[in-house]
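Below are the chains, spelled out letter by letter.
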Amino acid sequence: MSEAVSKPVPIPDALSEPFFAGARDRRLMLQHCTSCGTWSFPLRERCPTCMKPTLEWRAASGRGTLYTFTIFHQAMHPGFAAHVPYNVAQIDLDEGVRMTANVAGVDNADLRIGMRLEAVFESPGDGVFIPKFQPAAG
Amino acid sequence: MPNRSKGAIVGLGVTPMGKIYGRRSVDFAAEAIALALDDAGLEKRDLDGLLINANISGDMDPRSQMILGFENLTLINVMSAYGSTAGSMMQYACMAIEQGLANVVALVYADAPLTANRSAGQSYAGPHRFPLGGMVGLRAAYGNFGANPEYAMAARRHMHLYGTTSEHFGTIAVGQRAWAGMSPWAQMRSPITLEDHHNSRFIADPLRLLDCCLVSNGAVCVIVTSAAKARDLKQPPVHVLGYAQCAPGDNLRTDRHPAVETGAKRSGEIAFRMAGVTVKDVDTCQLYDCYTYTVLVTLEDYGFCKKGEGGPFVADGKLGPGGSLPTNTGGGQLSGYYMWAFTPLSEAVVQARGQGGERQVPKNDVVLVSANGGILNFHSTIILSKHASSS
Ligand SMILES: [Zn+2]
């Protein structure tokens, strides 16, 4: 049998480099506005709350709550063919932003909306790391 | 008595729909416009406005005017608020006509994403659509492709909050398929049961295959003019009484919940007020139904039932043939054809005229059309009637 196609690996760009650099260091880096104090995600050049260009990178707690999820059964990309069904989830981070990611370290059948989660970092390849979430310890 | 007419729909053109390969979007558009002109009893030269819905394939642009051979148009635009665009187009067409900027405006949606050797699911979100830069690449790394997972997450949130079930979704799918069986335009016409729904494979749990819309090649054109001009034309006029948009924005802040509280609420309030009718006056709904869930949450947000009660509301089959609120009577996007909001709009014209034949609803004084775009990020509403006050 031929080698399986890998999952897609994101290519960091100018805007997202601090996010991926943080993930390499096992930190969830997000943008925080020094003018109005709100966090934002996904990445932007300008604060979506106050519209000022005053976003700086800060390490977020990496902790949050499962808002909702799906178990995806379609292998839309060959890299996922051996992995269906897998979960895609929205996580409400304690900082007030909602992130979409995968929940790792738990059976899909045991996912519960409202469960507490914490960030964990995995590499899909090429030395790039991405945050996922797992049930919070304790 | 409803308020005055803001514009009148006088022509409808619907091409054959579905797996019709080898034709460009603009060719489907030309066919739909020709059908609509003929339906209205108008000539090509009568048309002075052309509003084109930017399609999913991205191949309809302003040069379509030249390809289609129109001249001296005084209103032309390619518009996009994604799936909700038909409502925006109707709004602009009516305003332009009322301002005297155009007399006869064609609104058209055309797309041809299906090709012979690619699955329907791959047509909108296949590997050819996987850039890997930055945050877009991050989404791909999570395997979050296309709209299916996003709507599935919205549906699950609703189920969690309100106890909505897959059977509720199934009831919507079964009802719409029964309607589709009576529409010559529908792609999927064999009846289905709740059991068929339950046994259909998961696409993105909780959404099954029979919760998801079709993919279609084809086009729809609707022609709008003034109520005064409409009087002399071939078809009974369908008056636009109200129109409105509401784009609730994204759902990426934890204090925002557009996945379960959509723009149907605000755009509905504005459109109903403009029309001078209420939700209680609606005889038939033509609702955007990219997924069964979209129908359920839209009914709640328009106020047909309380927030969270959409499941029990639809459970008795009232949306299907013979029910008290006939909805998506051409089969909708689930079983009819997927032309963004031109699916509900086209069926609304048929029903408001009373030309539905076997599927004609018994009472058709007020027809509600809803349109939704993005991941419940955009919404528009149109209220149609064969009646309008004269002042
Ligand atoms: Zn700010």
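Residues numbered from 1 in each chain as written. Chains lettered and ligands numbered in written order. Predicted model: local features only at pLDDT ≥ 70, side-chain atom pairs only at ≥ 80, totals over all residues. Heavy atoms only, no water.

**Digging into the overall build of chain A**
- The helix and strand tally for chain A stands at 1 helix and 8 strands.
- Along the chain direction, N to C, the helices and strands of chain A fall in the order α-β-β-β-β-β-β-β-β.
- In terms of principal-axis extent, the alpha carbons of chain A reach across some 55 × 35 × 25 Å.
- A buried classification covers 48% of the 138 residues belonging to chain A.
- Long-range pairs, those at least 24 residues apart, make up 52% of the contacts in chain A with a sequence separation of at least 6. (Helix = DSSP H or I, 4+ residues; strand = E, 2+ residues; numbered from the N terminus. Buried < 20%, exposed > 50% of the residue type's maximum accessible area, 1.4 Å probe, protein only. Contact = heavy atoms within 4.5 Å.)

**With respect to the sheet that holds strand E2 (residues 39-40) of chain A**
Residue and element names in this part refer to chain A.
- A sheet is described by the order of its strands in space; here 3 strands give the open sequence E2-E1-E3, paired in antiparallel fashion. The open sheet has two free edges, formed respectively by E2 and strand E3 (55-59), since each of these has just one partner strand.
- Taken together, the 2 bridges between strand E1 (residues 29-33) and E2 define a ladder with antiparallel strand orientation. Bridge pairing in E2 places Gln 31 opposite Ser 40. (Pairing = 2+ DSSP bridges.)

**Some thoughts on the sheet that holds strand E7 (residues 218-225) of chain B**
Residue and element names in this part refer to chain B.
- Ordered by their spatial adjacency, 9 strands build an open sheet running E3-E2-E4-E7-E1-E8-E11-E10-E9, and the pairing between neighbours is mixed. A single partner strand is all that each edge strand has here, and the edge strands are strand E3 (75-79) and strand E9 (284-286). Neighbour-to-neighbour, the strand axes of this sheet turn through a mean angle of 25°, independent of strand direction.
- As paired strands, strand E10 (residues 367-373) and strand E11 (residues 378-385) are joined by 7 bridges and run antiparallel to one another. Across the sheet, the residue bridging to Val 367 is Leu 384, located in E11. (Axes fitted to C-alpha atoms, helices over the stretch in contact; angles between N-to-C directions.)

**Overview of the interface of chain B and chain A**
- The partner chain A presents 42 residues to the 37 residues of chain B that form the contact.
- Between chain B and chain A the total buried area reaches about 3400 Å² when both faces are included, carbon and sulfur atoms providing 62% of it.
- For the pair chain B and chain A, the interface holds 1 salt bridge.
- Put simply, the parts of the chain that give the side of chain B that touches chain A at least two residues each are helix H4 (120-125), helix H5 (134-141), helix H6 (148-162) and strand E5 (202-205) of chain B.
- Among the elements that make up the side of chain B that touches chain A, the one with the highest residue count is H6(B) (8 residues).
- Pairing of strand E4 (residues 63-72) of chain A with E5(B) involves 2 bridges; the strand directions are antiparallel. (Buried area = accessible area lost by both parts, 1.4 Å probe. Salt bridge = Lys/Arg side-chain N within 4 Å of Asp/Glu carboxyl O.)

**Describing the confidence of the model for chain B**
- When pLDDT is averaged across chain B, the result is 96; 98% of the residues are at 70 or more.
- With a pTM of 0.97, the predicted complex shows an ipTM of 0.97. (pLDDT = per-residue confidence, 0-100.)

**What to know about the coordination of the zinc ion**
- Only Cys33(A) (SG), Cys36(A) (SG), Cys47(A) (SG) and Cys50(A) (SG) from the protein reach the zinc ion as donors, at distances of 2.3 Å.
- On the basis of relative accessible area, Cys33(A) is assigned to the buried category, the value being 1%. (Donors = N, O, S within 2.8 Å, 3.2 Å for Na, K, Ca; no water.)

**Quick look at helix H14 (residues 342-353) of chain B**
Residue and element names in this part refer to chain B.
- Spanning 12 residues, H14 covers 16 Å between terminal C-alpha atoms, matching the ideal 16 Å at 1.5 Å per step.
- Counting buried positions over the 12 residues of H14 gives 12, a clear majority of the element.
- For H14, the full list of buried residues reads Phe 342, Thr 343, Pro 344, Leu 345, Ser 346, Glu 347, Ala 348, Val 349, Val 350, Gln 351, Ala 352 and Arg 353. (Expected span 1.5 Å × (residues − 1).)

**What about the pattern of salt bridges?**
- Per the counting criterion, the structure on display carries 24 salt bridges over all chains.
- Among the salt bridges present, the one from Lys132(A) reaches Glu122(A), with a minimum N-O distance of 3.1 Å. Remark: Glu122(A) occurs in strand E7 (residues 116-125) and Lys132(A) occurs in strand E8 (residues 128-135); sequence separation between them is 10 residues.
- Assessed through its relative accessible area of 10%, Lys132(A) is described here as buried.
- Look at the salt bridges and you will find they share partners, linking Asp283(B), Lys363(B), Asp365(B) and Lys386(B) into a network.

**Considering the environment of Met188(B)**
All names here are of chain B.
- Assignment of secondary structure puts Met 188 in the loop between helix H7 (166-180) and helix H8 (194-199).
- The class for Met 188 is partly exposed, based on a relative accessible area of 34%.
- Separated by 71 residues in sequence, Met 188 and Ala 259 have C-alpha atoms that sit 28 Å apart.
- Not counting residues up to four positions away in its chain, the partners in contact with Met 188 are Arg 177, Ala 180, Leu 214 and Ser 335.

**Brief notes about the nonpolar core**
- Among the nonpolar cores identified, the biggest contains 92 residues, and Ile9(B), Met90(B), Leu299(B), Phe304(B), Phe342(B), Leu345(B) and Leu384(B) are the most heavily contacted of them.
- Per-element tally for this core: the top contributor is helix H3 (residues 85-98) of chain B, with 7 residues.
- Apart from residues no more than four positions distant in its own chain, Leu345(B) is found in contact with Ile9(B), Ala86(B), Met90(B), Val222(B), Val369(B), Ile382(B) and Leu384(B).
- In this structure, Ala60(A), Val97(A), Leu111(A) and Ile130(A) belong to the second largest nonpolar core, which totals 34 residues. (Core = buried A, V, L, I, M, F, W, Y, C linked by side-chain atoms within 4.5 Å.)

**What about the packing of aromatic side chains?**
- Counted under the stated rule, the structure contains 11 aromatic pairs over all chains.
- Ring geometry for Phe72(A) versus Tyr86(A): centroids 5.9 Å apart, planes at 85°, classification edge-to-face. One end of the pair, Phe72(A), is in strand E4; the other, Tyr86(A), is in strand E5 (residues 86-93), with 14 residues separating them in the sequence.
- Residue classification places Phe72(A) among the buried residues on the basis of a relative accessible area of 0%.
- Judged by relative accessible area, Tyr86(A) falls into the buried class, the value being 9%.
- Aromatic pair Phe80(A) and Phe145(B): ring centres 5.7 Å apart, planes at 80°, arrangement edge-to-face. (Phe/Tyr/Trp six-rings, centres within 6.5 Å; stacked < 30°, edge-to-face > 60°.)

**Re unusual backbone geometry**
- Cis geometry is adopted by the peptide bond preceding Pro42(A), which originates at Phe41(A) and carries an omega value of 0°.
- With respect to the element layout, Pro42(A) can be found in the loop between E2 and E3.
- In this model, Met51(A) sits at a positive phi of 70°, which is unusual for a non-glycine residue.
- Assessed through its relative accessible area of 60%, Met51(A) is described here as exposed.
- The backbone of Tyr82(B) sits at a positive phi, close to 50°, despite the residue not being glycine.
- In this fold, Tyr82(B) is placed in the loop between E3 and H3.
- Taking the relative accessible area as the measure of exposure, Tyr82(B) reaches 44% and is therefore partly exposed.

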